[in-house]
Amino acid sequence: MKFDYHMHFEYGDYDLNWVQGFFDAAKNRNLDEIGISEHTHTFPEFEKFYYDDLILDDSEVGKFQKIWLKTNKFKHTLKDYFDFMHELKKNHAVKIGIEVCNFKNQTEVKKILDAWNFDYIIGSVHFLWGWGYDASKIKFEWENHNLRDIYEEYTSEVEKLAESKNYDILGHPFNIRLFNFFPDFDVTNYLERVAAALKKADMAVDVNTGTKYRYPVKEISPYADFMKIAAAYDLPIIISSDAHQPEDCGKFSDEAAEYVKSFGYKKISRFADRKRELVDL
């Protein structure tokens, strides 16, 4: 079966004409089911966490992130989201998810998440030391950090997400390769630590094609070295497009399926009411 559980409506708002494009693309790519995983920066319920955690000083990173937080953010409540998704469910096979950033206060995050009946919850590391490392306009900040420190911080943040027990899926693992900064040191320990944390938390791996078509690295995340370890740990997977535009729903899903099969995967995760079942790829 073919699912895509990682995509976002944020660029086109909650508009039936806009979202129909996602379902049209899903049909064209023979997807059996899709799920929407709106970013937490869509919802005012999470606004405080961004202002608490991000660099928002007068540095170039801080200036950019202050503007970022004022651009197309916090425009719909979680109630708006669920109301709209329940309307979609009347005519479409669609699941309700959310993608949550690696906020420091996971206890308070849990209180918000637990109040809503999500089908699945993705936890993703989007910030390192309060810096949005995937933003191309502040890519220069990569030069100010030792890559070994970045791997350590990324791994530590994944471990914290997993330890919180708030999440069903780790979003786009090891996408810290997205701007082609590759280590010249052995990263096996970091890969093993992430896999062990996911195993202990019973979390699935998001095999995400977004880094293939949205970033310079042009590879599926997670990359092969981690996929080998994920398979050895018998971690469940999803395959996703990380679509932000309707036409990208399910993009490279067939290629991703062949990719995971090359590591021995024969099953894919299906979610409902935060319960996971494994079905044939």
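Heads up: the structure comes first, above all this text.
A short tour of the structure in this document, coming up. In this text the structure is predicted, and so the values were computed from the model without any measurement.

Here's the deal with the overall build of the protein
Okay, so step 1: The secondary structure content of the protein amounts to 10 helices and 9 strands.
Okay, so step 2: Considering the protein as a whole, with its 281 residues, one finds that 57% of them fall into the buried category.
Okay, so step 3: Positive and negative side-chain charges of the protein, numbering 37 and 49 respectively, have mean locations separated by a distance of 2 Å.

Looking at the sheet that holds strand 5 (residues 169–170)
Okay, so step 1: On the basis of which strands lie adjacent, the open sheet formed by 7 strands has the order 1-2-3-4-5-6-7 and parallel pairing. Two strands in the sheet have a free side with no partner beyond their single neighbour: strand 1 (3–4) and strand 7 (237–240).
Okay, so step 2: Judged from the 5 bridges that link them, strand 3 (residues 94–101) and strand 4 (residues 120–124) form a sheet pairing that is parallel. From the neighbouring strand, Cys101 faces strand 4, where its bridge partner is Ser124.
Okay, so step 3: The sheet contacts of helix 4 (residues 78–89) involve strand 2 (33–39) and strand 3, and relative to strand 3 the element is tilted by about 155 degrees.

As for the nonpolar core
Okay, so step 1: Core analysis: the largest hydrophobic core is formed by 99 residues, its most contacted members being Phe9, Ile34, Phe46 and Phe174.
Okay, so step 2: If we skip the residues at most four places from it in the chain, Phe174 touches Tyr151, Tyr154, Thr155, Tyr190, Leu191, Val194, Tyr223 and Phe226.

Some points on the packing of aromatic side chains
Okay, so step 1: The tally for this structure, following the rule as stated, stands at 34 aromatic pairs.
Okay, so step 2: Aromatic side chains Phe179 and Tyr215 sit 6.0 Å apart centroid to centroid with 80 degrees between the ring planes, which places their arrangement in the edge-to-face category. Taken together, the residues Phe179 in the loop between strand 5 and helix 7 (188–201) and Tyr215 in the loop between helix 8 (210–213) and helix 9 (224–232) connect sequence positions 36 residues apart.
Okay, so step 3: Every member of this aromatic cluster is reached through a ring pair, and the members are Phe9, Tyr14, Trp18, Phe22, Phe43, Tyr81, Phe82, Phe84, Trp116 and Phe118.
Okay, so step 4: The ring of Phe185 carries Arg148 above its face, with NZ or CZ at 4.2 Å from the centroid.
Okay, so step 5: It is Arg177 that lies over the ring of Tyr223; its NZ or CZ is 3.8 Å from the centre.

Re unusual backbone geometry
Okay, so step 1: Cis geometry is adopted by the peptide bond preceding Pro222, which originates at Ser221 and carries an omega value of -5 degrees.
Okay, so step 2: Take Pro222: it is sitting in the loop between helix 8 and helix 9.
Okay, so step 3: Positive phi is not limited to glycine here, since Phe252 has a value of about 65 degrees.
Okay, so step 4: Counting through the fold element by element, Phe252 comes out in the loop between strand 7 and helix 10 (253–261).
Okay, so step 5: Overall, Phe252 belongs to the partly exposed group, its relative accessible area being 31%.
Okay, so step 6: Its identity as a non-glycine residue notwithstanding, Asp273 has a phi of 55 degrees, on the positive side.

Observations concerning helix 3 (residues 60–69)
Okay, so step 1: Buried residues of helix 3: Val61, Gly62, Gln65 and Leu69, and no others. Seen end-on, helix 3 carries its buried residues on one side only, within an arc spanning 95 degrees. Exposed and oriented more than 90 degrees from the buried face of helix 3 are Glu60 and Ile67.
Okay, so step 2: In this fold, the buried residues of helix 3 make contact with helix 2 (47–53).

Parameters at a glance
- Residues numbered from 1 in each chain as written.
- Predicted model: local features only at pLDDT ≥ 70, side-chain atom pairs only at ≥ 80, totals over all residues.
- Heavy atoms only, no water.
- Helix = DSSP H or I, 4+ residues; strand = E, 2+ residues; numbered from the N terminus.
- Buried < 20%, exposed > 50% of the residue type's maximum accessible area, 1.4 Å probe, protein only.
- Lys, Arg positive; Asp, Glu negative; His and termini not counted.
- Charge placed at Lys NZ, Arg CZ, Asp CG, Glu CD.
- Pairing = 2+ DSSP bridges.
- Contact = heavy atoms within 4.5 Å.
- Axes fitted to C-alpha atoms, helices over the stretch in contact; angles between N-to-C directions.
- Core = buried A, V, L, I, M, F, W, Y, C linked by side-chain atoms within 4.5 Å.
- Phe/Tyr/Trp six-rings, centres within 6.5 Å; stacked < 30°, edge-to-face > 60°.
- Lys NZ or Arg CZ within 6 Å of the ring centre and 35° of its normal.
- Arc of directions from axis to C-beta.

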